[in-house]
Amino acid sequence: MLMCKGATRLMSLKKDRPLSFQERLSLKLHLAMCGACRECDRQFTLLHQAGKRFRPEDDPEQGNDAP
Amino acid sequence: MSAIEKHDSFAGRSGYETWVFGILKYKILDAMRAQKRHGHWQPLEDEDDDDAIDRQFQQNGRWHESARPSTWGEPEATFENEHFWQVFDACMIALPDSAARVFSLRELMGLSTADICRELGIKENNCWVILHRARLKLRACIEKGWLEETTPC
């Protein structure tokens, strides 16, 4: 079974490449029952968004970042 | 190189964000200059340094009680908070050089791990491992530096 450390590996990985079906499934199952990992997942996402704010305006996902 | 120069053009960000990015850009450019001089990217010296990560987890793979992530609040409010960027900056600078380099190229420059690894001459798998560690170190560092110093208003 996937533990928290392994779950953070998948949370990080999904920021860099699409997860396989198996990976997505085990991450979803883990997140459903682990509040600490849900927070970690939000933090990784926030770090990812924080980085995007440094990029030029050519990033289509940046639309709602405007002040 | 030109991809980096291009980033000079961003404007309208807060002073801290600008400053942080300035420092990181030089961190990356220094490494690239060194790479040119030596003909190869500097070795990723801290690949085996897993201590900071292992301190966050117990043997069984669960979070250590002291390292359990807490909520950082809404992203928009977080990004408006200048103290967040001060801590973000301090934590980026505290990252080992190779982690800071790969994280910056990936998250600040928005390059793909395939591109980063081609440029650095490392396997993509290695890149993902470095990014996983960098993110875990950053989150722990930011949580410690930011939440503990934030006074409720």
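Quick caveat, the model's predicted, so the values are computed rather than measured. (Residues numbered from 1 in each chain as written. Chains lettered and ligands numbered in written order. Predicted model: local features only at pLDDT ≥ 70, side-chain atom pairs only at ≥ 80, totals over all residues. Heavy atoms only, no water.)

Caption draft 1: Region of the structure containing the packing of aromatic side chains. All names here are of chain B. Per the stated rule, a full pass over the model turns up 6 aromatic pairs over all chains. Between Phe84 and Phe88 the ring centres are 6.1 Å apart and the planes differ by 35°, which places this aromatic pair in the tilted class. Remark: Phe88 and Phe84 occur in helix H5 (residues 82-94); sequence separation between them is 4 residues, near one turn of the helix. Relative accessible area serves as the criterion here: at 0%, Phe84 is assigned to the buried category. Ring geometry for Trp85 against Phe88: centres 5.4 Å apart, planes inclined by 70°, an arrangement best described as edge-to-face. You can see Trp85 and its partner Phe88 sitting in helix H5, 3 residues apart, about one turn around the helix. Considered together, Trp85 and Phe88 belong to a single accessibility category, that of buried residues. (Phe/Tyr/Trp six-rings, centres within 6.5 Å; stacked < 30°, edge-to-face > 60°. Helix = DSSP H or I, 4+ residues; strand = E, 2+ residues; numbered from the N terminus. Buried < 20%, exposed > 50% of the residue type's maximum accessible area, 1.4 Å probe, protein only.)

Caption draft 2: Region of interest: the environment of A:Lys15. For A:Lys15, the position within the fold is in the loop between helix H1 (4-13) and helix H2 (21-33). Once the C-alpha coordinates of A:Lys15 and A:Lys28 are considered, the two residues, 13 residues apart in sequence, prove to be 15 Å apart.

Caption draft 3: Quick peek at the nonpolar core. Ranked by internal contacts, the top residues of the largest apolar core, which has 47 residues, are B:Phe84 and B:Ile142. Of all the secondary structure elements, the ones that give two or more residues to this core are H1, H2 and helix H3 (35-52) of chain A together with H5, helix H6 (97-108), helix H7 (113-120) and helix H8 (124-147) of chain B. The contacts of B:Phe84, once residues within four sequence positions are left out, are A:Leu46, B:Trp72, B:Thr78, B:Phe79, B:Ile142 and B:Trp146. (Core = buried A, V, L, I, M, F, W, Y, C linked by side-chain atoms within 4.5 Å. Contact = heavy atoms within 4.5 Å.)

Caption draft 4: Geometry of the state of the cysteines. Residues and elements named next belong to chain A. Scanning the model with the defined rule gives 1 disulfide over all chains in all. Among the cysteines around Cys40, which has no disulfide bond, Cys37 carries the closest sulfur, lying 6.3 Å off. Residue classification places Cys40 among the buried positions, given a relative accessible area of 0%. (Disulfide = S-S within 2.5 Å.)

Caption draft 5: Examining H5(B) more closely. Residue and element names in this part refer to chain B. The end-to-end C-alpha separation of H5 is 19 Å, in line with the 18 Å expected for 13 residues at 1.5 Å each. Among all positions of H5, only Phe84, Trp85, Val87, Phe88, Asp89, Cys91 and Met92 are buried. The N-cap residue of H5 is Asn81: its side-chain oxygen and the backbone nitrogen of His83 are 2.8 Å apart. (Expected span 1.5 Å × (residues − 1). Polar contact = N/O pair within 3.5 Å; in protein donor to acceptor, adjacent residues only side chain to side chain.)

Caption draft 6: Summary view of the side chain of A:Ser12. Residue placement: A:Ser12 occurs in helix H1. By relative accessible area, which is 1% here, A:Ser12 ends up buried. Beyond its immediate chain neighbours, meaning those up to four positions away, A:Ser12 contacts A:Phe44, B:Leu131, B:His132 and B:Arg135.

Caption draft 7: Structural context of a nonpolar patch on the surface. Residues and elements named next belong to chain A. The grouping of Phe21, Leu25 and Leu29 at the surface amounts to a nonpolar patch, some 330 Å² of accessible area in total. With respect to the helices and strands, the residue Leu29 is situated in helix H2. The exposure class of Leu29 is exposed, given its relative accessible area of 56%. (Patch = residues over 30% accessible without salt bridge, like charges linked within 9 Å, V, L, I, M, F, W, Y side chains within 5 Å. Areas by Shrake-Rupley, 256 points an atom, 1.4 Å probe, with all protein chains shown as cover. Salt bridge = Lys/Arg side-chain N within 4 Å of Asp/Glu carboxyl O.)

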